[in-house]
Amino acid sequence: MINDEKYITFLKRIIACISHGDYYSVKELSQLELEKMQEKMKKSKCSDSNI
């Protein structure tokens, strides 16, 4: 899963976007992070099934 340091960085980016009223960027950042997390989960499941 996501570690605390990466999550804090992600949240700081979201807060900065919201502070500037850039809600489109919030959506984009969230979507990119979600895709990265899903990809890691897929890789984790594949490596677990190979054991």
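Below or above, wherever it landed, is the structure these notes cover. Since we're looking at a predicted model, the values are computed, not measured.

1. Regarding the overall build of the protein chain
The number of helices and strands found in the protein chain is 2 helices and 0 strands. On C-alpha atoms alone, the protein chain measures out to a radius of gyration of 14 Å, which is more than a quarter above the 10 Å that the 2.2 N^0.38 rule sets for 51 residues. Overall, the protein chain is about 45 × 20 × 5 Å in size when its C-alpha atoms are taken along their principal axes. Looking at the 51 residues of the protein chain, the share that counts as buried comes to 10%. When the accessible surface of the protein chain is split by element, carbon and sulfur atoms take 59% of a total near 4,600 Å². In the protein chain, the 9 positive side-chain charges and the 8 negative ones have mean positions that sit 2 Å from each other.

2. Examining helix 1 (residues 4-19)
The end-to-end C-alpha distance of helix 1 is 22 Å, a good match for the 22 Å that 16 residues give at a rise of 1.5 Å each. Among all positions of helix 1, only Phe10, Ile14 and Cys17 are buried. Take helix 1 and look down its axis: the buried residues cluster within an arc of 60°, on one side only. Across helix 1 from its buried face, at more than 90 degrees, point the exposed residues Asp4, Glu5, Lys12, Ile15 and Ser19. Summarising the contacts, the buried residues of helix 1 are in contact with helix 2 (23-49). Taking the backbone nitrogen of Glu5 as reference, a side-chain oxygen 3.3 Å away marks Asn3 as the first, capping residue of helix 1. Immediately downstream of helix 1, the backbone of Gly21 shows phi near 75°, a positive value.

3. Notes on the packing of helix 1 against helix 2
One can describe the packing of helix 1 onto helix 2 by two numbers: an axis separation of 8 Å at closest approach and a directional angle of 160°. Classified by the angle their axes make, helix 1 and helix 2 are roughly antiparallel. Relative to helix 2, helix 1 is oriented so that their crossing is left-handed. Every residue of helix 2 that contacts helix 1 at Lys6, Phe10, Arg13, Ile14, Cys17 and Ile18 is listed here: Tyr23, Ser25, Val26, Leu29, Ser30, Glu33 and Lys40.

Definitions and limits used
- Residues numbered from 1 in each chain as written.
- Predicted model: local features only at pLDDT ≥ 70, side-chain atom pairs only at ≥ 80, totals over all residues.
- Heavy atoms only, no water.
- Helix = DSSP H or I, 4+ residues; strand = E, 2+ residues; numbered from the N terminus.
- Rg over C-alpha atoms; globule rule 2.2 N^0.38 Å.
- Buried < 20%, exposed > 50% of the residue type's maximum accessible area, 1.4 Å probe, protein only.
- Areas by Shrake-Rupley, 256 points an atom, 1.4 Å probe, with all protein chains shown as cover.
- Lys, Arg positive; Asp, Glu negative; His and termini not counted.
- Charge placed at Lys NZ, Arg CZ, Asp CG, Glu CD.
- Expected span 1.5 Å × (residues − 1).
- Arc of directions from axis to C-beta.
- Contact = heavy atoms within 4.5 Å.
- Polar contact = N/O pair within 3.5 Å; in protein donor to acceptor, adjacent residues only side chain to side chain.
- Axes fitted to C-alpha atoms, helices over the stretch in contact; angles between N-to-C directions.
- Parallel < 35°, antiparallel > 145°, perpendicular 65-115°, else oblique.
- Left-handed = near helix turned anticlockwise from the far one by under 90°.

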